[in-house]
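Structural overview
Given next are the chains, with one letter for each unit.
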Amino acid sequence: MNLRYLEELCALPGVSGHEDAVRDWIELHLPADCSYRTDRLGNLIVTKAGAKAPCFTVLFAHMDEVGFIVTDTAEDGFLHFDTVGGIDKQSVIGKRLQFGERIGVVGIKPTHLCKGAEGESIPDIPSMYIDMAGETSIERGDVLTFPVGFTRFGEGYIRSKALDDRLGCLSLLELLCADDLPYALTCVFSAREEIGGAAAGAAYALRPDSAIVAETTTAADLPTVEGAERVCALGKGAVVPFMDKGTLYPKHLYDLAYKTAAANSIPIQTKTKIAGGNDARGVTASGCGVPTITVSVPCRYLHGPSVVAKESDCEAASALIRLLWERMSAGDEL
Amino acid sequence: MNLSETLRTLCLAPGPTGNEREVADVAASLLEKYGPVRIDRLGSVLCSIPGEGSSASAAPVLLEAHLDQVALVVTGIEESGFLSFEGGDVRILASQEVTIYGKQTYYGVITDRPPHLSGGKEDTPSHKALRIDTGLPKETAEAQIPLGSRVLYRTAYAALGEGMVTAPAIDNRAGVTAILAALDRIQGKPHPPVLVQFSVQEESTQAGATAAAFAAFTAGAEEAIAVDVTFGFAPGLTRRETLPLGSGAAIGFSPALDDEFSRYLDYLAESLDLPHTREIMSGRTGTDAERIQAAGDGLRTALLSIPIRNMHTPVETADLKDIEATAKLIAAYLTKGGLV
């Protein structure tokens, strides 16, 4: 995986409903044999020319990220806000946020002035504020992201905002750039996944025979979490779940994913907890129904400013997505 | 002297309380142009600046600011290179990026609550549920990160809006910067000898200020100005317990300080039209000031503070105008009210 591209993609602002910068970047990096259009909901639909596949299999990855929306501007330039997508208040307090080239900080009462339990509890989002030092150009409805910053650390780990789901976007882009694909390839870079998803509209328009969602998923492989609550783990490969909160994945696609991974020595793991959900929900139910499978990169601290993934898992997920797409396109699962 | 550049340089240098050597070296290099510098046995940076002109033979005045910053400390190495730790404001720790000062420096991320485990009744943040994620194999972490290694937030120094800045360690590199800026202003003007003391360990034991102030007492100092930070106004706080950012030098008024000295500084700021406020405290100031005034048989001590927001977090925020006003007031005092 091209980490320089990943860093560029993660740096782009793309709060749900405001995916323009990500869409523009992807369009700019598409190879010449791709045609593309943006639908009314903001999904970018890309087709790479090639032979017609027996089974039309479309790939999805979402462009948007969780973020913040300004709900009110108070006196002294302090801004009230709400979260766009699910963000734990613990991930927000005492952090910086990004608004274009400028930053703001989410303030907190100094611990010295807290009384009783106040010093050990986190205020709710409606009581928090963003301090932008009296910045007056920001308006109600403007959106902010977690701060830009990409780090490689430890042995093979990466950390950034927005890995969810720029990792999926880059997997799809790299596949679109490949020059040895057996069939024509259609990819949807979807909008608004974090607030329910616009992907179903694109799926309806394309009417695929089957679909693959390239995603990230929560890994809780921490010393403070035990057993099944860990969900999945970094370093153990691509994650293909049998079920999550939005989708019951078809058994034949689930089995095909594990057979394909085994035959190609790609590390693969399932989720030990029914958690999360993604575009597969909307895609599955679109039109007359689309059998869909998800291939995810396990990530720690998902929906926070410091999402952590492992490079080897990104490679595993990318490799599995390609092979699975080839086999599903060939109709191998039938 | 560029205030923002000096503050940035000081904020970028690590100085966890008790291990201040790197920031001490940076502060020492910034002081060298004003007079001979030494680092004492506890690690505090001392500089002795000869007097000039008619007050050259007066008793030296001590200027003090603490150099250290709050830090986390590694208390255990666990599976997959996760570190247990203590320290820091538990409310803001999740997801922060940190630097670990082991045998070499390592990058780390403090863990955050997985979404499927949040929102329950266990909503109180706790060190028990937090670790530092190093991405290192356990064996490497055990070999390279001794228990007791200090950990600092690695949030970079940044401008916030017009004229404000945010970074960890503004408490109290802002005070150090104000003193350096004051020294810059008195160059070439008549002033008494000045002893500068950038103390270690204010955030933990205050031993640094105690020992160094005794040295200043031995050198003949009779009065001292301590410079630190105080609580700035923000939503959720009252005007009674805070001071607005941008309101200038906060002159401490407290039974624990020298009242006459405080009133003189207030008069000076008033007559020179320097931005200032009074910070009223009913007892101890929570700064090095008490330790300094107790040195030997005592130094008359005043306290100047710079209001900041979000104290002891990675997003401490200050207004450069307040640092500048504090520097001007110190310089005015040293030059006996001469406009500088």
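Above this text you will find the structure in question.
In what follows, the accompanying structure is described. (Residues numbered from 1 in each chain as written. Chains lettered and ligands numbered in written order. Predicted model: local features only at pLDDT ≥ 70, side-chain atom pairs only at ≥ 80, totals over all residues. Heavy atoms only, no water.)

**A few points about the overall build of chain A**
- Of regular secondary structure, chain A possesses 7 helices and 17 strands.
- Relative to the 2.2 N^0.38 estimate, which gives 20 Å for 334 residues, the radius of gyration of chain A is 20 Å and therefore close to what a compact globule would have.
- Projected onto its principal axes, the C-alpha coordinates of chain A cover approximately 65 × 45 × 35 Å.
- Looking at chain A as a whole, 59% of its 334 residues are labelled buried.
- Only carbon and sulfur atoms are counted for the fraction: they give 51% of the accessible area of chain A, which is about 12,400 Å².
- In chain A, which carries 31 positive and 45 negative side-chain charges, the distance between the mean positions of the two groups comes to 4 Å. (Helix = DSSP H or I, 4+ residues; strand = E, 2+ residues; numbered from the N terminus. Rg over C-alpha atoms; globule rule 2.2 N^0.38 Å. Buried < 20%, exposed > 50% of the residue type's maximum accessible area, 1.4 Å probe, protein only. Areas by Shrake-Rupley, 256 points an atom, 1.4 Å probe, with all protein chains shown as cover. Lys, Arg positive; Asp, Glu negative; His and termini not counted. Charge placed at Lys NZ, Arg CZ, Asp CG, Glu CD.)

**Examining the environment of L160 of chain B**
- Its place among the elements puts L160 of chain B in strand β10 (residues 158–160).
- On the basis of relative accessibility, which here comes to 0%, the residue L160 of chain B falls in the buried class.
- The contacts of L160 of chain B, once residues within four sequence positions are left out, are I103, G104, D131, M132 and A133 of chain A together with V165, T166 and T317 of chain B. (Contact = heavy atoms within 4.5 Å.)

**Observations concerning the interface of chain B and chain A**
- With 61 residues of chain B at the contact, the number on the chain A side is 56 residues.
- Interface of chain B and chain A: buried area, both sides summed, is about 4,700 Å²; carbon and sulfur atoms make up 60% of it.
- Taken together, the links from chain B to chain A amount to 5 salt bridges.
- At the junction of chain B and chain A, the tally comes to 19 residue pairs in polar contact (both at pLDDT 80 or more).
- Every element with two or more residues in the side of chain B that touches chain A is listed here: β7 (105–110), β10 and β11 (164–166) of chain B.
- Take the side of chain B that touches chain A: its biggest share by element is 3 residues, from β10 of chain B.
- Grouping the amino acids of the side of chain B that touches chain A by side-chain chemistry returns 29 nonpolar, 18 polar and 14 charged. (Buried area = accessible area lost by both parts, 1.4 Å probe. Salt bridge = Lys/Arg side-chain N within 4 Å of Asp/Glu carboxyl O. Polar contact = N/O pair within 3.5 Å; in protein donor to acceptor, adjacent residues only side chain to side chain. Nonpolar A, V, L, I, M, F, W, Y, C, P; charged D, E, K, R; others polar.)

**So, the packing of aromatic side chains**
- This model, assessed by the stated rule, comprises 13 aromatic pairs over all chains.
- Look at F153 of chain A and Y107 of chain B: their rings are 5.0 Å apart centre to centre, the planes differ by 50 degrees, and that puts the pair in the tilted class. Taken together, the positions of F153 of chain A in strand β10 (residues 151–153) and Y107 of chain B in strand β7 put the pair across two chains.
- Where F242 of chain A meets Y254 of chain A, the ring centres are 6.2 Å apart and the plane angle is 80 degrees; that geometry is what we call edge-to-face. Here F242 of chain A is found in the loop between β14 (238–239) and α5 (251–263), whereas its partner Y254 of chain A is found in helix α5, with 12 residues between them in sequence.
- The buried category is assigned to Y254 of chain A, whose relative accessible area is 16%.
- Members of the aromatic cluster, joined through ring pairs, are F261, Y264, Y267 and Y333 of chain B.
- R207 of chain A extends its terminal NZ or CZ atom over the ring of Y204 of chain A, reaching a point 4.4 Å from the ring centre.
- Taking the ring centre of F253 of chain B as reference, the NZ or CZ of R278 of chain B above it sits at 4.3 Å. (Phe/Tyr/Trp six-rings, centres within 6.5 Å; stacked < 30°, edge-to-face > 60°. Lys NZ or Arg CZ within 6 Å of the ring centre and 35° of its normal.)

**Some thoughts on the sheet that holds strand β17 (residues 307–310) of chain A**
Residue and element names in this part refer to chain A.
- In space, the 3 strands of this open sheet follow the order β10-β11-β17, with antiparallel pairing throughout. The sheet is open, and its two borders are formed by β10 and β17, each paired with just one other strand. If you compare each strand with its neighbour and ignore which way they point, the axes differ by 25 degrees on average.
- Lying over the sheet, helix α3 (residues 163–177) contacts β11 (157–160) and β17, oriented at roughly 35 degrees with respect to β17. (Pairing = 2+ DSSP bridges. Axes fitted to C-alpha atoms, helices over the stretch in contact; angles between N-to-C directions.)

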